[in-house]
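Report on the structure
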Amino acid sequence: MLVTIATVSAAALAAPVAGLLGYRQLKRAAFAGKLRITAPAGIEESGFVRIGGIDQWVSIRGEDRRNPVVLEILGGPGASNLVFLPRTRAWEKHFTIVRWDMRGAGFTFAAGGPQGQGELTHQQLYRDALEVTEHLRARLGVDRLLLVANSFGTVLGLRLARNHPELYSGYVGTDQNIIDGGRERTAYDALLARLRAAGRKKEKELAAAVAMGADRSKWTTKDVAEYNKLVLTSDPLSYDTMKTVVMRSLWFSPLHTLRGLRSYLKAMEFSERLQPEAAAFDERAEGTDFRIPFFVFQGDSDVLTPPAPAKRFFDDVTAPVKEFALIRDASHFASFRHPDRFLDLMLTHVRPAVTAQPAAR
């Protein structure tokens, strides 16, 4: 993903630098004002919490502490969701949103640097997530949290939801990854088809994709980055989303200085080492029985994590309540391209299911 962001950044920053910086400051100031929470029952706090032996950044925001508490599991890997705060401001009227910069991401990486992240493995992130969960239960006085995972974060999100129904009231996956032990190749085959359809203009890219092969277990971190770039830049809607949603959110983030943006990208580069380990995961082998409400809201035109594999996995899931929905005119980053539509799904399907649940025993 980092290579894709760098590619799009080069095109987006072709305008005169002085004008861009001045406009950036105006937009950041406007967004900072928009983010202020003044509701009497609201909460707006952020800072470092000692998790897993290192200081990790936790942001808690919402207009009413009585609302369900959402624990977001970020994607990337290493891509903090804090840059999307202005786009998702309306979510905070209905949910208390916790955004956790896990080790290797965002402000956690910026504070400790590469040497201060400790062990960066999926198992350690899993242990960290449980520790964050316990911290939030105590801090906010709630029994269970609602898990909302996006993109690469859904790999961790599924494991948490499957194994700990006593801690979580429901699971929502968007940009849902289905790894299936390397058997899933829908996105790869679609990429080859797009590159072949482009003819001679994409001969070099097609050769690279064919040489890479579909077996993710044989990919290096460089292969994964190159694959993500090929997928997202070969699809017009995905490329537009990278420019208008991801890059704009990064560039105008009121929380990130220019130095902070460089650190943000370095965090993603550092966290790419998580990709090879994930290639061996098998969601079906780990289980399709979930004892909490289960939801998947996928972009209908997502070429990186296509809706078809997500729907096949969803169909195999057993859960007290489950719902699958497509977000129209959306590629990857569906919830951030159309935050209003995602919120509508959360209010229509998710909130009624999780607030009707009895307290954990």
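Residues numbered from 1 in each chain as written. Predicted model: local features only at pLDDT ≥ 70, side-chain atom pairs only at ≥ 80, totals over all residues. Heavy atoms only, no water.

Thoughts on the packing of aromatic side chains
Applicable threshold: The criterion for an aromatic pair is that two Phe, Tyr or Trp rings (for Trp, the six-membered ring) have centres within 6.5 Å, with stacked assigned to planes under 30 degrees apart, edge-to-face to planes over 60 apart and tilted to the rest. Secondary structure elements follow DSSP: runs of H or I no shorter than four residues count as helices, runs of E no shorter than two count as strands, and numbering proceeds from the N terminus. Exposure is judged per residue with a 1.4 Å probe applied to protein chains only, and the accessible area is read against the type maximum: over 50% gives exposed, under 20% gives buried, and values in between give partly exposed.
Following the criterion strictly, the structure yields 15 aromatic pairs and no others. Both rings, one in tryptophan 57 and one in phenylalanine 107, keep their centres 5.0 Å apart while their planes meet at 55°; by these two values the pair is tilted. Taken together, the residues tryptophan 57 in strand E2 (residues 54-62) and phenylalanine 107 in helix H3 (residues 106-112) connect sequence positions 50 residues apart. Looking at tryptophan 57, the relative accessible area reads 18%, which means it is buried. Consider the rings of phenylalanine 294 and phenylalanine 313, whose centres lie 6.5 Å apart with planes at 50°: the pair is tilted.

A look at the side chain of aspartate 302
Using the following cut-off: Positive charges come from Lys and Arg, negative ones from Asp and Glu, while His and the chain ends are left out of the count. Take a side-chain nitrogen of Lys or Arg and a carboxyl oxygen of Asp or Glu: if they are within 4 Å of each other, that pair is a salt bridge. Under the rule applied, a polar contact is a pair of N or O atoms within 3.5 Å (in protein, one hydrogen donor and one hydrogen acceptor; residues adjacent in sequence only if both atoms are side-chain atoms). Here, residues are in contact when the closest pair of their heavy atoms is within 4.5 Å.
Topologically, aspartate 302 is positioned in the loop between strand E7 (294-299) and helix H13 (307-316). Buried and unpaired, aspartate 302 has arginine 194 as its nearest opposite-charge partner, separated by 8.8 Å. At 2.6 Å, the side chain of aspartate 302 and the side chain of threonine 305 are in polar contact. Those residues in contact with aspartate 302 that lie beyond four places of it in its chain are Asp175, Pro307, Ala330, Ser331 and His332.

Re the packing of helix H4 (residues 122-140) against helix H5 (residues 153-163)
Keep this limit in mind: For helices, the fitted axis covers only the stretch in contact; all axes are lines through C-alpha atoms, and the angles between them, taken along N-to-C directions, range from 0 to 180 degrees. Any angle that falls under 35 degrees is termed roughly parallel, while one over 145 is termed roughly antiparallel, one within 65 to 115 roughly perpendicular, and all others oblique. Here is the rule for handedness: rotate from the far helix to the near one, and if that takes an anticlockwise turn smaller than a right angle the crossing is left-handed, while a clockwise turn gives right-handed.
Where H4 contacts H5, the axes come no closer than 10 Å and their chain directions differ by 55°. Classed by the angle they form, the pair H4 and H5 counts as oblique. Two packed elements cross with a definite hand, and for H4 against H5 that hand is right-handed. Of H5, the residues touching H4 (which contributes His122, Leu125, Tyr126, Ala129 and Leu130) are Val155, Leu156, Arg159, Leu160 and Asn163.

Quick notes on H4
Note the following rule: Helix span is expected to be 1.5 Å times the residue number reduced by one.
If you check H4, its first and last C-alpha atoms are 26 Å apart, about what 19 residues at 1.5 Å a residue would give, namely 27 Å. Within H4 the residues assigned to the buried category are His122, Gln124, Leu125, Tyr126, Asp128, Ala129, Leu130, Val132, Thr133, Leu136 and Leu140. Just downstream of H4, glycine 141 is the residue with a positive phi angle, here 65°.

Focus on the nonpolar core
This is how it is decided: For the purposes of this section, nonpolar cores are sets of buried Ala, Val, Leu, Ile, Met, Phe, Trp, Tyr and Cys residues that join through side-chain atoms within 4.5 Å.
Of all hydrophobic cores here, the largest spans 53 residues; its most connected members are Leu146, Val172, Tyr227, Phe297, Phe342, Met346 and Val350. Residue contributions to this core peak at seven residues, all from helix H15 (residues 339-355). If we skip the residues at most four places from it in the chain, phenylalanine 342 touches Trp91, Val148, Val172, Thr174, Phe297, Ile327 and Ser335. Listed in part, the 51 residues of the second largest apolar core include Val69, Val98, Tyr126 and Phe152.

Quick look at the pattern of salt bridges
Applying the stated criterion across every chain yields a total of 23 salt bridges. Notably, a salt bridge pairs arginine 61 with glutamate 92, separated by 2.9 Å at the nearest N-O pair. Within this pair, whereas arginine 61 is found in strand E2, its partner glutamate 92 is found in the loop between strand E3 (69-73) and strand E4 (96-101), the two being separated by 31 residues in sequence. Assessed through its relative accessible area of 1%, glutamate 92 is described here as buried. Aspartate 315 serves as the salt-bridge partner of lysine 311, at 2.7 Å between the closest nitrogen and oxygen. Pair noted here: lysine 311 and aspartate 315 are both in helix H13, with a separation of four residues, about one helical turn.

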